[in-house]
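Residues per chain are reported as follows:
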There are 2 protein chains.
Amino acid sequence: MTSNRVVIALGGNAMTGADGSATPEAQRDAIRQAAGHVAEVVAAGVQVVLTHGNGPQVGNLLVKNELAAHEVPPVPLDWNVAQTQATIGFTVADELDAALAARGLPQRTAALVTRTLVDGDDPHFAEPSKPVGRFLPRERAERFVSLGQTWEDRGEKGWRRVVASPEPLSVVDSAAIHALAAAGFVVVCAGGGGIPVVDDHVDGHALRGVEAVIDKDLTAAILARDVDAGTLVIATDVPNVMVGFGTPAQRPLGRVTVAELRELGAAGEFARGSMGPKVEAALRFVEAGGTRAVITSLDHIADAVRGDDVGTVVTIT
Amino acid sequence: MTSNRVVIALGGNAMTGADGSATPEAQRDAIRQAAGHVAEVVAAGVQVVLTHGNGPQVGNLLVKNELAAHEVPPVPLDWNVAQTQATIGFTVADELDAALAARGLPQRTAALVTRTLVDGDDPHFAEPSKPVGRFLPRERAERFVSLGQTWEDRGEKGWRRVVASPEPLSVVDSAAIHALAAAGFVVVCAGGGGIPVVDDHVDGHALRGVEAVIDKDLTAAILARDVDAGTLVIATDVPNVMVGFGTPAQRPLGRVTVAELRELGAAGEFARGSMGPKVEAALRFVEAGGTRAVITSLDHIADAVRGDDVGTVVTIT
């Protein structure tokens, strides 16, 4: 394990405006804020590998696919994921390079187009359940159903496309990520959970993109494992995971073992909201041999890398 | 110079259908064909850095921007270039990895999001002249003029957007490309001439994407220089550059010196068609210290790397 290597997973709040706006300007402004915090982590003397979400960005691309479908061929969902890796990737590179230079740090940023391997037989493909894009009236949705997409009737709000969210098995490009990190680059990779690909086993090695989206936190755990990181930091909009959320007994979770966190999860503590996948990702990374996983807010990530007294810190014992 | 390193610039015919079709299927089929030829170059024992065009792909994205502009924010042209780097990049990686594995070669492919530095004061910004996207009726074009875009009245065909095509100065991410190539990866980078960025000199280093497209062959020459390649191969759809094109004296050009080729260019031999920028790129690379530049067809690139008897071969003497 390269214990000096840290994988940081940036959430949507690091990529989009406070109101969820995903205009190019809003994305760049949010990324500029995040870049300052990431530069502070680099200043702490660790090798940083960055990954990020892409929900609102993919949503916008799906609308463009849909509204232009009569004039230009829509591209599959895996292509949309790739597109967001590049737009977010080079914007992060521009802003983070500036933040690093402003601090007199020699490191620079590299953004890698990244594929994540999934199992073509993953049961999620048989029962797509992850909603993507926007609601449409039935008659407009049916056009895409006829193209082979799965859409669900969500009642008053209309119909919405659902896609498979298969389990990430490995980061196909982890060797390239390792080479860049070892050469001193901050690597932006596996955005949006990575471009989902399956192995057709033709000639022993033939990858093919598939229409799916992979949970970006679960991929972050696989990424941290595959690049031998010692620490996984999942940046979100709260400083700590809460237990007893919304009850009088509500309290922030600090240091916690895998066993204790599994128990809390089994008790339904993280069933609701977006904390579930973050907790699961933290658990999987430590269970796979990672030293520690931290869930905290963007403005705490540098302190979280320096010590164990910030955020929710998951360790084996 | 890493004389064992070769930069190959793939033309549109390696990315799109014979009819210019840029559906995902047509792109993948064309890339599969090209990947076989590139794998043969790798088999020749050289380090390969790949770059490529993106014209039809950017054209499709501009149409999507336009038709969805009333519902989702259009993204700037530099974002569109980035998007094509990712979709073409991971498709090349999938197909080339398979072609390499099928030949028992250990190398694998890495696709890097790549920025190309241009001068904010480049005169081309004051007089945009590169047509992009499709023709629109005046009333529809005016909407985008009001957003700050430059469109020209092309008479019967309608209005068409024109953008700046500034000179590429350097490949910002060349150090990352070098690190990946040195680690044994075939690197796909600087697609579509690279994402055009200018340096605002804030804090000494603050890059910002700009609305422009850079000629992919001219960038290939800069890329080959910046990654210390010994040979630049520009793959096109003809085995040789022709002189006396369309005249009874028409003949294919074989080995030629920089001086001879400059003379032919000055005589207007390459004024028409798409050969001009390829010839200029070959000249610039050799003039900048490159050992040789070759312009030939995709099916000849492996032989062109092995010897000097294939294609149009440009050397200093």
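Residues numbered from 1 in each chain as written. Chains lettered and ligands numbered in written order. Predicted model: local features only at pLDDT ≥ 70, side-chain atom pairs only at ≥ 80, totals over all residues. Heavy atoms only, no water.

Engineer: Any details on the overall build of chain A? Residues and values, ideally.
Structural biologist: Helix and strand counts for chain A stand at ten helices and 17 strands. Oriented by its inertia axes, the alpha-carbon framework of chain A measures out at about 55 × 45 × 45 Å. Across the 317 residues in chain A, those meeting the buried criterion constitute 59%. In chain A, 73% of the contacts between residues at least 6 apart in sequence involve partners at least 24 apart. Put simply, chain A shows about 12000 Å² of open surface, and 51% of that area lies on carbon and sulfur atoms. (Helix = DSSP H or I, 4+ residues; strand = E, 2+ residues; numbered from the N terminus. Buried < 20%, exposed > 50% of the residue type's maximum accessible area, 1.4 Å probe, protein only. Contact = heavy atoms within 4.5 Å. Areas by Shrake-Rupley, 256 points an atom, 1.4 Å probe, with all protein chains shown as cover.)

Engineer: Lay out the interface of chain A and chain B with the relevant residues and their values.
Structural biologist: Across the contact, 56 residues belong to chain A and 56 residues belong to chain B. Around 4500 Å² of area is buried between chain A and chain B when both sides are counted, 68% of it from carbon and sulfur atoms. In this structure, the connection of chain A to chain B is made through six salt bridges. Taken together, the connections running from chain A to chain B amount to twelve residue pairs in polar contact (both at pLDDT 80 or more). Only α1 (24-43), α2 (55-68), α3 (77-102), β3 (109-113), α6 (174-182), β10 (195-199) and β11 (207-209) of chain A provide two or more residues apiece to the side of chain A that touches chain B. With 14 residues, α3 of chain A is the single largest residue contributor to the side of chain A that touches chain B. (Buried area = accessible area lost by both parts, 1.4 Å probe. Salt bridge = Lys/Arg side-chain N within 4 Å of Asp/Glu carboxyl O. Polar contact = N/O pair within 3.5 Å; in protein donor to acceptor, adjacent residues only side chain to side chain.)

Engineer: How would you summarise the side chain of T51 of chain A if you had to cite specific residues and measurements?
Structural biologist: All names here are of chain A. Along the chain, T51 falls in strand β2 (residues 47-52). Look at T51 and you get buried, because its relative accessible area is 1%. At 2.9 Å, the side chain of T51 forms a polar contact with the backbone oxygen of C189. A polar side-chain atom of T51 sits 3.0 Å from the main-chain carbonyl oxygen of A190. Among residues more than four places away in sequence, those in contact with T51 are V7, I8, A9, L10, C189, A190, G191, A220 and L223.

Engineer: Let's hear about the relation of the copies chain A and chain B: which residues, and what values?
Structural biologist: The transformation that overlays chain A on chain B combines an axial shift of 0.0 Å with a rotation of 180°, and the residual RMSD is 0.0 Å. The relationship between the two copies is best expressed as a two-fold rotation axis. Looking at chain A, 100% of its interface residues are interface residues in chain B too, so the copies touch through the same face. (Least-squares fit on C-alpha atoms with pLDDT ≥ 70 in both.)

Engineer: Let's hear about the sheet that holds strand β11 (residues 207-209) of chain B: which residues, and what values?
Structural biologist: All names here are of chain B. Pairing is mixed across the open sheet formed by four strands, whose spatial order is β8-β4-β10-β11. Two strands in the sheet have a free side with no partner beyond their single neighbour: β8 (170-171) and β11. Sheet topology note: the strand β4 (residues 115-117)/β8 ladder contains two bridges and is antiparallel. Following the sheet pairing, T116 is matched in β8 by V171. (Pairing = 2+ DSSP bridges.)

Engineer: Please give an account of the sheet that holds strand β8 (residues 170-171) of chain A that cites residues and values.
Structural biologist: Read across the open sheet, the four strands follow the order β8-β4-β10-β11 (chain A); overall the sheet is mixed. The open sheet has two free edges, formed respectively by β8 and β11 of chain A, since each of these has just one partner strand.

Engineer: Can you tell me about α6 of chain A, naming the residues and giving the values?
Structural biologist: Where α6 of chain A is concerned, the buried positions are S174, A176, I177, A179, L180 and A181 of chain A. In the stretch just after α6 of chain A, G184 of chain A is the one whose phi turns positive, near 100°.

Engineer: Which residues make up the environment of I301 of chain B, and what are the values?
Structural biologist: Residues and elements named next belong to chain B. Checked against the element boundaries, I301 lands in helix α10 (residues 301-306). Along the sequence, I301 and D173 sit 128 residues apart, while their C-alpha atoms lie 25 Å from each other. Contact partners of I301, with chain neighbours within four places excluded, come to I8, H37, V38, V41, V233, A235 and T296.

Engineer: Help me get a handle on the pairing of strand β12 (residues 229-236) of chain A, residues and values and all.
Structural biologist: Residue and element names in this part refer to chain A. Of all eight residues that make up β12, eight are buried, and the element is covered over most of its length. Pairing geometry for β12 and strand β16 (residues 292-297), over six bridges, is parallel. Each residue of the ladder has a partner; that of V233, found in β16, is V294.

Engineer: Can you explain the packing of aromatic side chains? Please cite residues and give values.
Structural biologist: Aromatic rings in a pair are described by how distant their centres are and how their planes are angled relative to each other. Tallied over the full model, the rule gives two aromatic pairs over all chains. The residue whose ring lies beneath R143 of chain A is F144 of chain A, and the NZ or CZ to ring-centre distance is 5.3 Å. (Phe/Tyr/Trp six-rings, centres within 6.5 Å; stacked < 30°, edge-to-face > 60°. Lys NZ or Arg CZ within 6 Å of the ring centre and 35° of its normal.)

Engineer: Let's hear about the pairing of strand β10 (residues 195-199) of chain B: which residues, and what values?
Structural biologist: Residues and elements named next belong to chain B. Taking burial as the measure, the five residues of β10 include four buried ones, the bulk of the element. In the sheet, β4 pairs with β10 via three bridges, with the strands oriented parallel. In the sheet register, R115 faces β10, and the bridge partner there is I195. Inspection of the sheet shows β10 paired to β11 by three bridges, in the antiparallel sense. Across the sheet, the residue bridging to D199 is L207, located in β11.

Engineer: Explain the packing of helix α8 (residues 258-266) of chain A against helix α9 (residues 275-287) of chain A residue by residue, including any values.
Structural biologist: In helix packing, the relevant descriptors are the interaxial angle and the interaxial distance, both defined with respect to the helix axes. Residue and element names in this part refer to chain A. Relative orientation of the contacting elements α8 and α9 amounts to 150°, with a least axis distance of 10 Å. Comparing the axis directions of α8 and α9 gives the class roughly antiparallel. Note that α8 runs across α9; the crossing there is left-handed. Here V258, L261 and R262 of α8 lie close against α9, whose contacting residues are V279, E280, L283, R284, V286 and E287. Class assignment for the residues of the contact of α8 with α9 results in five nonpolar, no polar and four charged. (Axes fitted to C-alpha atoms, helices over the stretch in contact; angles between N-to-C directions. Parallel < 35°, antiparallel > 145°, perpendicular 65-115°, else oblique. Left-handed = near helix turned anticlockwise from the far one by under 90°. Nonpolar A, V, L, I, M, F, W, Y, C, P; charged D, E, K, R; others polar.)

Engineer: Tell me about α2 of chain A, residues and numbers included.
Structural biologist: The α-helix advances 3.6 residues per turn, and as a result positions three or four apart in sequence lie on the same side. Residues and elements named next belong to chain A. Over its 14 residues, α2 runs 20 Å from end to end, which matches the ideal 20 Å to within 8%, given 1.5 Å per residue. With eleven of 14 residues buried, α2 is to be regarded as a mostly interior element. Among the residues of α2, those classed as buried are Q57, V58, G59, L61, L62, V63, K64, N65, E66, L67 and A68. (Expected span 1.5 Å × (residues − 1).)

Engineer: Please set out the pattern of salt bridges residue by residue, giving values where relevant.
Structural biologist: Residue and element names in this part refer to chain B. As enumerated under the stated definition, the model contains 44 salt bridges over all chains in all. Here D29 and R32 are joined by a salt bridge, their closest N and O atoms 3.5 Å apart. Taken together, the residues D29 and R32, both in helix α1 (residues 24-43) and three residues apart, mark about one turn of the helix. We classify D29 as partly exposed; its relative accessible area is 45%. Among the salt bridges present, the one from R115 reaches D173, with a minimum N-O distance of 2.8 Å.

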